[in-house]
Amino acid sequence: MTRWLQRQMFRPTFTVVAFFAVIAIFFYGSIGWTFLMSLTKSSLMPRYDFIGFEKYADLMDNKRWIVSCINMVVFGALFIVGSLILGSILAIFIDRGIRFEGVFRTIFLYPLAISLIVTGLGWRWLLDPSLGIQAMVRDMGWENFAFDWITEPDRAIYTLVIASVWRSAGLVMIIVLAGLRSVDGDLWKAIRMEKIPQWRAYVQVIFPGMRPVFASCIVLLMSEVIRGYDLIVAMTNGGPGISTEMPAKFAVDFFFSRMNLSLASAASILMLLLSLLMLAPYLYSEFRRRD
């Protein structure tokens, strides 16, 4: 009996230990190996002749890397704000009890079921001046109409924002809607008794109490910004020029196309640090709130 109990107690312990061992080896081990490669002269294959932080200095002097970081900040800010605003508005309309709620939720969530490659190719076709919206409007008689942002270096980044907001607004909508449905009914009764306008009630009463909900949305959207690759490759491939280049594409290109493992590894480590910096305000606010 004693041996049987020992076996039963050993099984969950072994499972937990194995789980954390796999994480330590394949996740943190991969991060450690990537950092190790960033300190070497590795090209196509790993080499262990260490050169310190020389590759990080090369990144700081690389115009393409600097432009990709700036693009990520601009894209990330517009994408997150746009997704939060549009998703919250959609959630409010559905929360007010519109007819055919199930149909509208399906329509708004449908973009999430489409792969990023398909989404990018679809938007690339829509924004192509010779095939998409511009050509269609001109065929209708407005010959001076122009919507060629995807071919303009100073505007192409905004086409990525439009496509990304279209895809992610549904995710924000469903999360915010779940938060709205959990609001206490007595709070809405008090709002109606005070005759507070609905827009003001949402902005000053309801949404401030849903800070954890919006924080979750922001974290999910930030992850989309950091790992942005598929949509960019499908829509613009980083162009025109390098006007829509992003850090993830930079790292992949330098590893597979330029055969520069060490520089790609350095870029990956800096991307990890950038993601931690972006999450730092959220983590700080959460720990402060708990304290």
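Only a predicted model underlies this, so the values are computations on that prediction, with no experimental measurement involved.

Definitions and limits used
- Residues numbered from 1 in each chain as written.
- Predicted model: local features only at pLDDT ≥ 70, side-chain atom pairs only at ≥ 80, totals over all residues.
- Heavy atoms only, no water.
- pLDDT = per-residue confidence, 0-100.
- Helix = DSSP H or I, 4+ residues; strand = E, 2+ residues; numbered from the N terminus.
- Core = buried A, V, L, I, M, F, W, Y, C linked by side-chain atoms within 4.5 Å.
- Buried < 20%, exposed > 50% of the residue type's maximum accessible area, 1.4 Å probe, protein only.
- Contact = heavy atoms within 4.5 Å.
- Salt bridge = Lys/Arg side-chain N within 4 Å of Asp/Glu carboxyl O.
- 1 Å grid on protein atoms, 1.4 Å probe; cavity = no way out; pocket = protein on both sides within 12 Å on 5 of 7 lines; lining within 4 Å.
- Points joined across faces, edges and corners; volume = space filled by probe spheres on them.
- Nonpolar A, V, L, I, M, F, W, Y, C, P; charged D, E, K, R; others polar.
- Axes fitted to C-alpha atoms, helices over the stretch in contact; angles between N-to-C directions.
- Parallel < 35°, antiparallel > 145°, perpendicular 65-115°, else oblique.
- Left-handed = near helix turned anticlockwise from the far one by under 90°.
- Arc of directions from axis to C-beta.
- Polar contact = N/O pair within 3.5 Å; in protein donor to acceptor, adjacent residues only side chain to side chain.
- Phe/Tyr/Trp six-rings, centres within 6.5 Å; stacked < 30°, edge-to-face > 60°.

On to the confidence of the model for the chain. Put simply, the chain has an average pLDDT of 83, and 91% of its residues get 70 or more. Across the chain, helix α3 (residues 63-95) holds the top mean pLDDT of 91, while helix α1 (residues 2-37) sits lowest at 70.

Here we take up the nonpolar core. V176 and I206 are the most contacted members of the largest nonpolar core, which totals 57 residues. Every residue in contact with I206, bar those within four places of it in the chain, is listed here: L180, V183, L187, W188, I191 and A201.

The subject of this paragraph is the pattern of salt bridges. All told, the structure shown has 6 salt bridges when counted by the stated rule. A salt bridge links R181 to D95; the shortest N-O distance between them is 3.2 Å. Of this pair, R181 sits in helix α7 (residues 156-181) while D95 sits in helix α3; the two residues are 86 residues apart in sequence, bridging distant segments of the chain. Note on D95: relative accessible area 16%, which makes it buried. One salt bridge in this structure joins D253 and K249, with 2.6 Å as the shortest N-O distance. One end of the pair is D253 and the other is K249, both in helix α12 (residues 247-256) and 4 residues apart, which spans about a single turn.

A few words now on the layout of surface pockets. It is a probe the size of a water molecule, rolled over the atoms, that shows where empty space is left. Roughly 280 Å³ of internal volume is contained in the largest pocket. As for the largest pocket, its lining consists of F27, Y28, S30, I31, T34, S268, I269, M271, L272 and L276. Going through the elements one at a time, α1 and α13 (261-290) are the ones with two or more residues in the lining of the largest pocket. Across the lining of the largest pocket, the residue classes break down as 7 nonpolar, 3 polar and no charged.

In contact at an axis separation of 11 Å, helix α8 (residues 185-193) and helix α9 (residues 198-206) are set at 130° when each is read in the N-to-C sense. If you check the angle between α8 and α9, you find them oblique. Considering how the two elements wind past one another, α8 and α9 form a crossing that is right-handed. Side by side, α8 and α9 meet where L187, W188 and I191 of the first sit next to A201, Y202, V205 and I206 of the second. Along the lines of polarity and charge, the residues of the contact of α8 with α9 split into 7 nonpolar, no polar and no charged.

What follows concerns α9. All of the buried residues along α9 are A201, Y202 and I206. For α9, the arc enclosing every buried residue in end-on projection is 95°, short of the 170-degree limit, so these residues lie on one face. Away from its buried face, by an angle of more than 90 degrees, α9 presents the exposed residues W199 and V203.

The next point concerns the side chain of T40. Its location among the elements puts T40 in the loop between α1 and α2 (54-60). T40 gets classed as buried once you look at its relative accessible area, which sits at 0%. Separated by 2.7 Å, the side chains of T40 and S42 make a polar contact. At 3.2 Å, the side chain of T40 forms a polar contact with the backbone oxygen of R47. Sequence-distant contacts of T40, that is, excluding residues within four places in its chain, are made with R47, Y48, D49, F50, I51, K55 and S262.

Moving on to the packing of aromatic side chains. Tallied over the full model, the rule gives 11 aromatic pairs. Ring centres 5.6 Å apart and planes at 50° place the aromatic pair F53 and Y56 in the tilted group. Their ring planes at 70° and their centres at 6.4 Å tell us that W149 and Y158 sit as a pair that is edge-to-face. Site record: aromatic cluster; members linked through ring pairs are F35, F53 and Y56.

In this section: empty space enclosed by the protein. Counted under the stated rule, the structure contains 1 cavity of 30 Å³ or more. The computed volume of the largest cavity comes to approximately 160 Å³. The wall of the largest cavity is formed by 16 residues, among which F75, L116, S164, E224 and L231 lie closest to the centre. Among the elements of the structure, α3, α5 (116-127), α7, α10 (211-226) and α11 (230-235) are those that each provide at least two residues to the lining of the largest cavity. If you tally residues by element for the lining of the largest cavity, the top one is α7, at 4 residues.

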